[in-house]
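Each chain, written out:
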Amino acid sequence: MEEKRFNEVSSTSDNNNWDIHIAREKPLYKRENDIRSPYERDYTRILHSLAYRRLKHKTQVFFNIDNDHICTRMEHVQHVESVSCTIAKHLGLNVDLTKAIATGHDLGHAPFGHEGEVELTKIREENGLDKFWHERNGLRVVDKLELLENEKRNYCNLDLTYAVRDGIISHCGEVDENGIKPRKSAIDLNTFSTSGEYQPFTWEGCVVKISDKIAYLGRDIEDAVRLHFLTRQDLFELGRISKKYGQKAINTTVIMHNFIISICENSSPESGIRLGDEYNDLLNEIKAYNYDKIYRNKKFDVYRNYVKSLIRSIYMVLIEAYDTQNTITSLLKLKKVYPKLINDFIDYLDKYVYLDLLGEHPGKYKRYNNDKIYGSLETKIIYLQAIIDFIAGMTDRYAIEVYNELLKY
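Below is a short write-up of the structure. (Residues numbered from 1 in each chain as written. Predicted model: local features only at pLDDT ≥ 70, side-chain atom pairs only at ≥ 80, totals over all residues. Heavy atoms only, no water.)

## So, the overall build of the protein
Where we set the bar: Strands are runs of DSSP state E lasting at least 2 residues, helices are runs of H or I lasting at least 4, and numbering of each runs from the N terminus. The criterion used for residue contact is that any of the two residues' heavy atoms lie within 4.5 Å. With residues, only the protein chains shown are counted as cover, and all accessible areas are computed by Shrake-Rupley using a 1.4 Å probe. In this charge count, Lys and Arg are treated as positive and Asp and Glu as negative; neither His nor the chain ends contribute. Lys charges are placed at NZ, Arg charges at CZ, Asp charges at CG and Glu charges at CD.
The secondary structure content of the protein amounts to 17 helices and two strands. For the protein, the spread of C-alpha atoms along the three principal axes comes to 65 × 55 × 35 Å. Long-range contacts, defined here as pairs at least 24 residues apart, represent 71% of the contacts in the protein between residues at least 6 apart. As displayed, the protein has an accessible area near 18900 Å², and 50% of this comes from carbon and sulfur atoms. Between the mean site of the 58 positive side-chain charges and the mean site of the 62 negative ones, the protein shows a separation of 3 Å.

Encoded structure:
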């Protein structure tokens, strides 16, 4: 197969654009003997973050925390990394940038997959805010929430490069499109108002965007089969699709291989990152099948109600503690009733509020030089955002543990 050299036309090959791509909002400390590129540093900073570690206990589609063979959010991320890096390498793109975007692209997901995101959206809208969407929350995670210890033992924000941050917020692949091309100009990433509003700024971001879709479709079918989620008629329909497109099977291995090859054969700087027409039709048909037979399946109804009750209950306990005079004092009054939830939430807040707000352990977070995004909790909206950030960062396991604490007297 002929290798297509996108780097000859990619904006990453231009020195002026290179400066934009590797720009950080704040300077990152350097080591004299560091051998990593800026994107390799981004990759390891993401890899070392707590948000990445928590992905192994976050639902991808099927909530089944005790089944080791069901895809978790972390496994999905690894699939996206594998697919996108294979494509990027063949097309002559920057594999380090691709790897960093792929590894960080889902850091903003809430617990319990899509259902967690739905309930957080309802909470936001009830308070006059817009929707919760994980791509924007992913940018918030890497820009404001995740902290790493530096060479002086101070905790700071991740401070990733523009190109990686852009790839995270612009990776939405839910819109059916083929022939993805990067936008021509850099923008303030905080101006994104809806998911998928702008295309990625780099070819590497475009590759991750299409790889995200490739990675989840086949894997979700495999899990549905393993969990006996599909009826015999559903499986017959899947077989019909396979036969229609000359496929012997529709599973992770087959889908990934065939789609990767199709993208590598059909993508060009002129036509964008794209599948061949036949494989694009196959992808859209599989996606429609998954939505009909899996994602909207009534078997999820009990799970949906459970997630709604769980997230709503945690939110209500915390939001009702808001006090215009002293919210922290109000929270502390609940410690005896909900020791884990309240202690952990106050400990979380302490990293992002001004040091004088919590007098119980002054100076405990003196080494935290990150942005104090919650200030002094001076408004209810700021406090609400703190609650949403806290819940969105939970793993399924932790959220269930806290919820069970609420059930006890």
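Here the narrative resumes.
## What to know about helix H5 (residues 95-104)
Spelled out, the test is: Classification of residues uses two cut-offs on accessible area relative to the type maximum, computed with a 1.4 Å probe and protein chains only: under 20% is buried, over 50% is exposed, and between them is partly exposed. A 3.5 Å cut-off defines polar contacts: any pair of N or O atoms within that distance qualifies, except that in protein one atom must be a possible hydrogen donor and the other a possible acceptor, and neighbouring residues in sequence count only when both atoms are side-chain atoms.
Among the 10 residues of H5, seven are classified as buried, and the element is accordingly described as predominantly covered. By the burial criterion, the buried members of H5 are Leu97, Thr98, Ala100, Ile101, Ala102, Thr103 and Gly104. Residue asparagine 94 occupies the N-cap position of H5, its side-chain oxygen lying 3.0 Å from the main-chain nitrogen of aspartate 96.

## Let's talk about the nonpolar core
One broad trend across soluble globular proteins is that nonpolar side chains are buried collectively. Rule in force here: Working definition of a nonpolar core: buried Ala, Val, Leu, Ile, Met, Phe, Trp, Tyr and Cys residues. They are joined through side-chain atoms within 4.5 Å.
Core analysis: the biggest nonpolar cluster contains 118 residues, and Leu318, Leu331, Leu341 and Tyr383 have the highest contact counts within it. By residue number, the principal contributor to this core is helix H9 (residues 203-226), which donates 11 residues.

## What to know about the packing of aromatic side chains
Put simply, the rule is: By convention, a stacked pair of Phe, Tyr or Trp rings (six-membered ring in the case of Trp) has centres within 6.5 Å and planes under 30 degrees apart, an edge-to-face pair has planes over 60 apart, and any other such pair is tilted. Geometrically, a lysine NZ or arginine CZ counts as sitting over a ring once it is within 6 Å of the ring centre and also within 35 degrees of the ring normal.
Within the structure shown, the criterion is met by 21 aromatic pairs. Among the aromatic residues, those joined into a ring-pair cluster are Phe62, Phe63, Phe112, Phe229, Phe300, Tyr303, Tyr306 and Tyr403. Between arginine 41 and the ring centre of tyrosine 29, over which it is positioned, the NZ or CZ distance is 5.2 Å. Directly above the aromatic system of tyrosine 43 lies the positively charged group of lysine 99, at a separation of 4.5 Å from the ring centroid.

## Details of helix H13 (residues 301-319)
As a reminder of what qualifies: For a helix, the expected span equals 1.5 Å multiplied by the residue count minus one.
Between its terminal C-alpha atoms H13 stretches 27 Å, which fits the 27 Å expected from 19 residues at 1.5 Å a residue. Of the surrounding secondary structure, the elements contacted by the buried residues of H13 are helix H6 (113-126), helix H14 (327-332), helix H15 (339-350), helix H16 (380-392) and helix H17 (396-407).

## Focus: the packing of H5 against helix H8 (residues 162-169)
Rules: Fitted lines through C-alpha atoms give the axes, limited to the stretch in contact for helices. The angle between two N-to-C directions lies from 0 to 180 degrees. Our angle categories are set so that under 35 degrees counts as roughly parallel, over 145 as roughly antiparallel, 65 to 115 as roughly perpendicular, and the remainder as oblique. The hand of a helix crossing depends on one turn: near helix anticlockwise from the far one by less than a right angle means left-handed, and clockwise means right-handed.
Where H5 meets H8, the closest approach of the two axes is 9 Å, and the angle between their N-to-C directions is 45 degrees. Accordingly, the angle class assigned to the pair H5 and H8 is oblique. For the element pair H5 and H8, the recorded crossing hand is right-handed. For the pair H5 and H8, the contacting residues are Leu97, Ala100, Ile101 and Gly104 in the first and Ala163, Val164, Gly167 and Ile168 in the second.

## Side note on unusual backbone geometry
At histidine 228, a position not held by glycine, the phi torsion is positive, near 55 degrees. Structurally, histidine 228 can be placed in the loop between H9 and helix H10 (232-244). Here leucine 377, not a glycine, exhibits a phi torsion of approximately 55 degrees, which is positive. Within the secondary structure layout, leucine 377 lies in the loop between H15 and H16.

## Remarks on the pattern of salt bridges
Two side chains of opposite charge can pair, provided their charged atoms sit close to one another. Applicable threshold: Take a side-chain nitrogen of Lys or Arg and a carboxyl oxygen of Asp or Glu: if they are within 4 Å of each other, that pair is a salt bridge.
In total, this model carries 29 salt bridges according to the counting rule given. Here aspartate 344 makes a salt bridge to lysine 340, at a shortest N to O gap of 3.3 Å. Here aspartate 344 and its partner lysine 340 are both found in helix H15, four residues apart, which amounts to about one turn of the helix. Members of the salt-bridge network, linked through shared partners, are Glu237, Arg240, Lys244 and Glu285.

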